[in-house]
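The lines below spell out each chain.
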Amino acid sequence: MKTEKKNEEPGFEAALKLLEKIVSEMEGSELSLDEMMARFEEGGKLVQYCSARLNEVEKKIEKLVQKGGKLETVPFEAEKE
Amino acid sequence: MNTPAKPEVFSVTAITRRIRFLLEEEIGSVWIEGEVSNFTQAGSGHIYFSLKDENAQIKAAFFRGSQTGLKIQPANGMQVRVQGEVTLYEKTGNCQIIVRRMEAAGAGALQEAFEKLKAKLEAEGLFSPERKRPLPVLPRHIGIVTSPTGAAIRDMLNVLGRRFPNLHIVIAPVRVQGEGAAAEIAAAIGDLNKLETMDVIIAGRGGGSIEDLWAFNEEVVARAIAASGVPVISAVGHETDFTIADFVADLRAPTPSAAAELVIDAKENFENLLVQRQRQLARSLETLFLKLKQRLVRAEHSYVFREPRSLVKNYALRVEHLDQSLRQRLLRAAQIRHQQTDALNMRLSHLAQSVFQSNRQRVRQMDAQLRALNPHAVLDRGYSVTRGADGKVIRDFRQVKPGAALATQLARGRVDSTVTGAQP
């Protein structure tokens, strides 16, 4: 019944979680300099990725309409009561 | 013969009054349920209508002064339940009811239907917490099922636009009350799912009476929410209104505005979070650098470098090790050079021999010289040495005066004398 959406975007959330993990690893345990550098780089990439994701969708307000049995979206303009 | 009793003749006024009294006394105050028809509202605010069912109808008057507790807007076709007094309007002779209270018919019936459906869906597990899906952290495509007019959609668009300027919103316009509303809402939820681009759906409307909100209590809407592939937020009426849709939805928002706030965090909060994480990354690395630097400094100033005993202890093993290997090397070298060394020793002893012999000769020579210089040898030959009282050897007549004591050393013994005269 409740099927997962095909074009689900796990990216942002997963990236944020991974970033969280990396930060806590770097803050918590004793890592070698090499390990720290590797995580720092990875974390930096995740931050960039997430930032890009925050800005990728354009503002668009649409209205769903039925046209000849087919679903279409058209720009939405506030209707008066 | 009796004249028949003269029949009692009423005036119209009298008989209608009598009928009125009879109605008012015998029937009095009653509850009546029926459908509203011939609805008119006078300029005075009084409402006139008929209550009817399949077989009969009765006139009703609802005066303005009684309308204070009225929660519904009566209209033709509406099933209502009224309380009032049955009476006769003498002027027209019409039997009518003077309404004191009016509520939607089946307010009780609605409640009953609500409880029944709720129990049924609950038994099916449609409300179970395990079915609730978490909302996506960053929904970028949001579907909204509501009326395209009215405050609800305006409020939601306002809040969403303020929180996150770049969102893709698809509104599925529906009627949210009245006949067919529930079916439209259910279909719209399905349609938004068919787009396959939505991350989350908000279904709702602004506040209203229980009848106004009723579409969200219908089974078809509940089923559509349950079948939705993406999480659904219900946002029906006010905070105190609970509908079946609220129980089935993945999240219930108290109002449409609240739904818009719940569906996505403010963009700046995301951005701040990322900046914060980035700082944490940098700080962790800095901390490590600092730690490493401190370790270096500490190592430099460490007691190992300052404390000789530790040094000795520490290096003793190394020294010992070195010593051993050195010995071994030396031993090997010695073995190799053994013959050479022997030869060298021979030459050395030869050399020493010759040096010794030449030295012996020099010693003999010096001995002879020393012998020649020995003053005793001179004394042996008849010379003597004269000294004054001060022990100085007398070499000049001016060193002495008459009467001075002299001591003269001979080869054997000494002679003391006094000066009687001195001249060159």
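Residues numbered from 1 in each chain as written. Chains lettered and ligands numbered in written order. Predicted model: local features only at pLDDT ≥ 70, side-chain atom pairs only at ≥ 80, totals over all residues. Heavy atoms only, no water.

Draft legend 1. Structural detail: the overall build of chain A. Looking only at helices and strands, chain A has two helices and two strands in total. Ordering the α and β elements of chain A from the N terminus gives α-α-β-β. Classification of the 81 residues of chain A by burial places 27% in the buried group. Summarising the internal contacts of chain A: among those between residues at least 6 apart in sequence, 40% fall at separations of at least 24. On chain A, roughly 5600 Å² of surface is accessible, and the fraction owed to carbon and sulfur atoms is 52%. (Helix = DSSP H or I, 4+ residues; strand = E, 2+ residues; numbered from the N terminus. Buried < 20%, exposed > 50% of the residue type's maximum accessible area, 1.4 Å probe, protein only. Contact = heavy atoms within 4.5 Å. Areas by Shrake-Rupley, 256 points an atom, 1.4 Å probe, with all protein chains shown as cover.)

Draft legend 2. Focus on the packing of aromatic side chains. Taken as a whole and assessed by the stated rule, the structure comprises five aromatic pairs over all chains. One aromatic cluster is present, built from ring pairs that chain together Phe12(A), Phe164(B) and Phe270(B). (Phe/Tyr/Trp six-rings, centres within 6.5 Å; stacked < 30°, edge-to-face > 60°.)

Draft legend 3. Representation of the layout of surface pockets. Residue and element names in this part refer to chain B. Taken as a whole, the largest pocket spans an internal volume of roughly 500 Å³. Taken together, 22 residues line the largest pocket, and the ones lying closest to its centre are Leu 110, Gly 178, Glu 211, Asp 212 and Trp 214. Split into classes, the residues belonging to the lining of the largest pocket amount to ten nonpolar, seven polar and five charged. Here the lining of the largest pocket spans two domains, since at least three of its residues come from each of domain 1 (12-104) and domain 2 (110-265). (1 Å grid on protein atoms, 1.4 Å probe; cavity = no way out; pocket = protein on both sides within 12 Å on 5 of 7 lines; lining within 4 Å. Points joined across faces, edges and corners; volume = space filled by probe spheres on them. Nonpolar A, V, L, I, M, F, W, Y, C, P; charged D, E, K, R; others polar. Domains from an automatic or database assignment.)

Draft legend 4. Region of interest: the confidence of the model for chain A. Residues with a pLDDT of 70 or more make up 81% of chain A, whose mean pLDDT is 78. Summarising per-element confidence for chain A, the mean pLDDT is lowest in helix α2 (residues 33-55) of chain A (84) and highest in strand β1 (residues 60-67) of chain A (89). (pLDDT = per-residue confidence, 0-100.)

Draft legend 5. Spatial organisation of the interface of chain B and chain A. Counting residues at the interface gives 53 residues for chain B and 47 residues for chain A. In this assembly, chain B packs against chain A so that about 4300 Å² is buried in total across both faces, 64% of it on carbon and sulfur atoms. The largest per-residue losses of area from chain B upon contact with chain A belong to Leu274(B), Arg277(B) and Leu281(B), which jointly make up 15% of the total buried on that side. If you look at where chain B meets chain A, you find one salt bridge. The partner of Glu20(A) in a salt bridge is Arg277(B), and the shortest N-O contact between them spans 2.5 Å. Taken together, the links from chain B to chain A amount to 15 residue pairs in polar contact (both at pLDDT 80 or more). (Buried area = accessible area lost by both parts, 1.4 Å probe. Salt bridge = Lys/Arg side-chain N within 4 Å of Asp/Glu carboxyl O. Polar contact = N/O pair within 3.5 Å; in protein donor to acceptor, adjacent residues only side chain to side chain.)

Draft legend 6. View of the pattern of salt bridges. Residues and elements named next belong to chain B. Summed over all chains, the structure comprises 20 salt bridges over all chains. For Arg 100, the salt bridge identified is with Glu 85, shortest N-O distance 2.8 Å. Linking Arg 100 in strand β5 (residues 94-104) with Glu 85 in strand β4 (residues 79-89), this pair joins segments that are 15 residues apart in sequence. Judged by its relative accessible area of 37%, Arg 100 is partly exposed. The partner of Arg 223 in a salt bridge is Glu 124, and the shortest N-O contact between them spans 2.7 Å. Remark: Glu 124 occurs in the loop between α2 (107-123) and β6 (141-146) and Arg 223 occurs in helix α5 (residues 219-227); sequence separation between them is 99 residues. A single network of salt bridges, built from pairs that share partners, joins Arg 17, Arg 20, Glu 24 and Glu 90.

Draft legend 7. Spotlight on the sheet that holds strand β1 (residues 29-41) of chain B. Residue and element names in this part refer to chain B. The five strands are arranged β1-β2-β3-β5-β4 in a closed barrel whose pairing can be described as mixed. Pairwise comparison of adjacent strand axes, ignoring direction, gives a mean angle of 55° for this sheet. Strand contacts of helix α1 (residues 12-26): β4 and β5, with the helix running at about 140° to β4, the strand carrying the most contacts. (Pairing = 2+ DSSP bridges. Axes fitted to C-alpha atoms, helices over the stretch in contact; angles between N-to-C directions.)

Draft legend 8. View of α1(B). Taking 1.5 Å per residue, 15 residues should reach 21 Å; α1(B) reaches 21 Å between its end C-alpha atoms and fits that length. With its phi angle positive at about 65°, Gly28(B) sits one or two positions after the end of α1(B). (Expected span 1.5 Å × (residues − 1).)

Draft legend 9. Just the nonpolar core, in detail. Within the largest apolar cluster, 42 residues are counted, with the highest numbers of intra-cluster contacts made by Ile142(B), Ile144(B), Leu160(B), Ile202(B), Val263(B) and Ile264(B). It is helix α1 (residues 11-28) of chain A that provides the largest number of residues to this core, a total of seven residues. Viewed by domain, this core spans two of them, domain 2 (110-265) and domain 3 (268-311) of chain B, each represented by three or more residues. In this view, Leu160(B) contacts Ile142(B), Ile144(B), Leu167(B), Ile169(B), Ala260(B), Val263(B) and Ile264(B); residues no more than four positions away in its chain are not counted. Formed by 38 residues, the second largest nonpolar core is a distinct cluster that contains Leu64(A), Val176(B), Met198(B) and Phe216(B). (Core = buried A, V, L, I, M, F, W, Y, C linked by side-chain atoms within 4.5 Å.)

Draft legend 10. The sheet that holds strand β12 (residues 405-409) of chain B, seen in detail. Residue and element names in this part refer to chain B. With antiparallel pairing, three strands are arranged side by side in an open sheet as β11-β12-β13. On the outer flanks of this sheet lie β11 (385-387) and β13 (414-418), each paired with one strand and no other. Mean inter-strand twist for the sheet, computed between neighbouring axes without regard to direction, equals 25°. As paired elements, β12 and β13 share five bridges and run antiparallel to each other. Bridge assignment links Thr 408 to a residue of β13, and that residue is Val 415.

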